[in-house]
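Each chain is listed here by its residues.
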Amino acid sequence: MSVLVVGMSHRSAPVEVLERAAVGGEDVAKLLDEMLRGEHVSEVVLLSTCNRIEVYAVVDAFHGGLADVSAVLGRHTGLPLAELTEHLYVHYAASAVAHLLSVAAGLDSMVVGESQILGQLRGAYAAADEAGSVGRALHELAQHALRVGKRVHASTGIDAAGASVVSEVLVDAARVLGRTVGDLAGTKAVVVGAGAMGALAAAHLRRCGAAEIVVLNRTPDRADRLAEKSTAQGTPTRAGRLADLTSELVDADLMVAATGAIGAVVERATVAEATAARPDRPLAVCDLGLPRAVDPGVATVPGVTVIDLITLQRRLTRGTSGGAVAAAKAMVAEETQAYLAAQRSAEVTPTVTALRRRASEVVDAELLRLSARLPDLDENVREEFTRTVRRVVDKLLHTPTVQVKRLAEGPDGGSYALALRKLFELDPQTPAAVATPLSGDGVLAAIEAELAPGDEEAGR
């Protein structure tokens, strides 16, 4: 059994495709259940954020697992297989572990080093655990990734600037309003959505000096709680309903849409009506939704500038160099090797157990044979002879079993356990692992190979 990652992110797909693949909270359990029904999938976690959708699955065969997961993603997105696989990337075995640790460290994020991914990973794991789709393998890997991510953020300074998708869209919003980076002093901001992203937006607006924040949400209680918290932290904040959006935008400087809804929440007509009452005054509209929470037509309203994930994707660099990032990459590489070494060492344990069991069976058989041949042997002599034989066998096995565990931690560790199984004709067997990441045509070829008529055993 090996870990398979199938996903798409801002690095492999345009926002328009990510929108179609986005999974709302209410659909997560359904998709996890569909994937678990696949013939080759035994565990699965689904991570869906504003710039990535990834499936982490434990599978018994590379091609079979890839076909099972891709089939579910295809049905969910409604995209033909050929079109879907243009944007997918695949990691397997060691490569899958390295990828998850990089994600947890913030190295694969649109804003390199952002720390929100840790909470998102934790939430994805919790949802899968609640749905019953997490077993021992993904539990251990997810917990290791969360520990590594936390350590990277704490010890490398990769997130020292506090950068995030929210902070970056506010950088662009300040420019639209003719202000310097980080300066929103005296502005009125409307936040649509009172969930985790809404709370993060309110926190960043406070740091940037917003004079007033209005939180609008479908559920009044959540808006009230966020408004109370924000006010207590020093910025006057009011709560309201989505129906109040038009009136609140009349004298607002910027709006941040941070809902978890699937589909547009802010319509063009609403924004146009509000701006008609405030001519010659710019309005920055920040859309953090995936799919987009703001109707694309809002961008055509005079005086309105829409800043969304597409805008952000174009501006941000795809990589960052520097000491903190280099240190984070080195730490991820080190932790990946340590995890894989521990896994390889654990995998050799059944072989060692089988060897000791075989030795014990041989000793027991020979002692039984001795009893049959020498039934009158003195009992004290018999007991001492038994202890001596078992000590000899234990000493003979001690070095090879200790050594095979140590050697198993290396990159070619599996070969030593295999040699031991061959030499002593032991039963345990470890399947070969495919560790080469695929993307685009490679993904499609792998899936088609698995689904080819008359080739049911392909990739198994």
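Every chain's residues receive numbers from 1 upward, in the order its sequence appears when written. For a predicted model such as this one, the threshold for reporting local features is a pLDDT of at least 70, and the threshold for listing and counting side-chain atom pairs is 80 or more; totals across whole chains, interfaces and linings nevertheless cover every residue. Hydrogen atoms and water are omitted, and side-chain values are computed over all heavy atoms in the structure.

1. Digging into the overall build of the protein
Point 1. Along the protein, the regular secondary structure elements total 17 helices and 11 strands.
Point 2. A total of 460 residues make up the protein; the buried ones form 49% of that total.
Point 3. The criterion used for residue contact is that any of the two residues' heavy atoms lie within 4.5 Å. Considering only intrachain contacts with a sequence separation of at least 6, the fraction spanning at least 24 residues in the protein is 75%.
Point 4. Of the roughly 21,300 Å² that the protein leaves accessible, carbon and sulfur atoms contribute 54%. Here a helix means four or more residues in a row that DSSP labels H or I, a strand means two or more in a row labelled E, and each is numbered from the N terminus. Each residue is assigned to one of three classes by its accessible area relative to the maximum for its type, calculated with a 1.4 Å probe on protein chains only: buried under 20%, partly exposed between the two thresholds, exposed over 50%. Computed with the Shrake-Rupley method and a 1.4 Å probe, the accessible areas treat only the protein chains shown as cover for residues.

2. Quick word on unusual backbone geometry
Point 1. Of note, the phi angle at A93 is positive, near 55°, even though the residue is not glycine.
Point 2. Among the structural elements, A93 can be located in the loop between β4 (89-92) and α5 (94-104).
Point 3. Its relative accessible area of 14% is what places A93 among the buried residues.

3. Considerations on the confidence of the model for the protein
Point 1. The share of residues in the protein with pLDDT of 70 or more is 88%, and the mean pLDDT across the chain is 85.
Point 2. Counted against residues more than four places away or in other chains, residues 429-436, with its pLDDT under 50, gives 14 contacts.
Point 3. Note: pLDDT gives the predictor's confidence per residue, expressed from 0 to 100. The model gives residues 454-460 a pLDDT under 50, and that stretch makes 14 contacts with residues more than four places away or in other chains.

4. With respect to the pairing of strand β2 (residues 41-48)
Point 1. Among the eight residues of β2, six are classified as buried, and the element is accordingly described as predominantly covered.
Point 2. Whether two strands pair depends on DSSP finding at least two bridges between them. Counted between consecutive antiparallel strands, the loop separating β2 from strand β3 (residues 52-59) contains three residues.

5. Brief notes about the environment of L200
Point 1. With respect to the element layout, L200 can be found in helix α9 (residues 196-207).
Point 2. Put simply, L200 and S167 are 33 residues apart on the chain and 9.1 Å apart in space, counted from C-alpha to C-alpha.
Point 3. Beyond its immediate sequence surroundings of up to four residues, L200 is in contact with Q116, S164 and V166.

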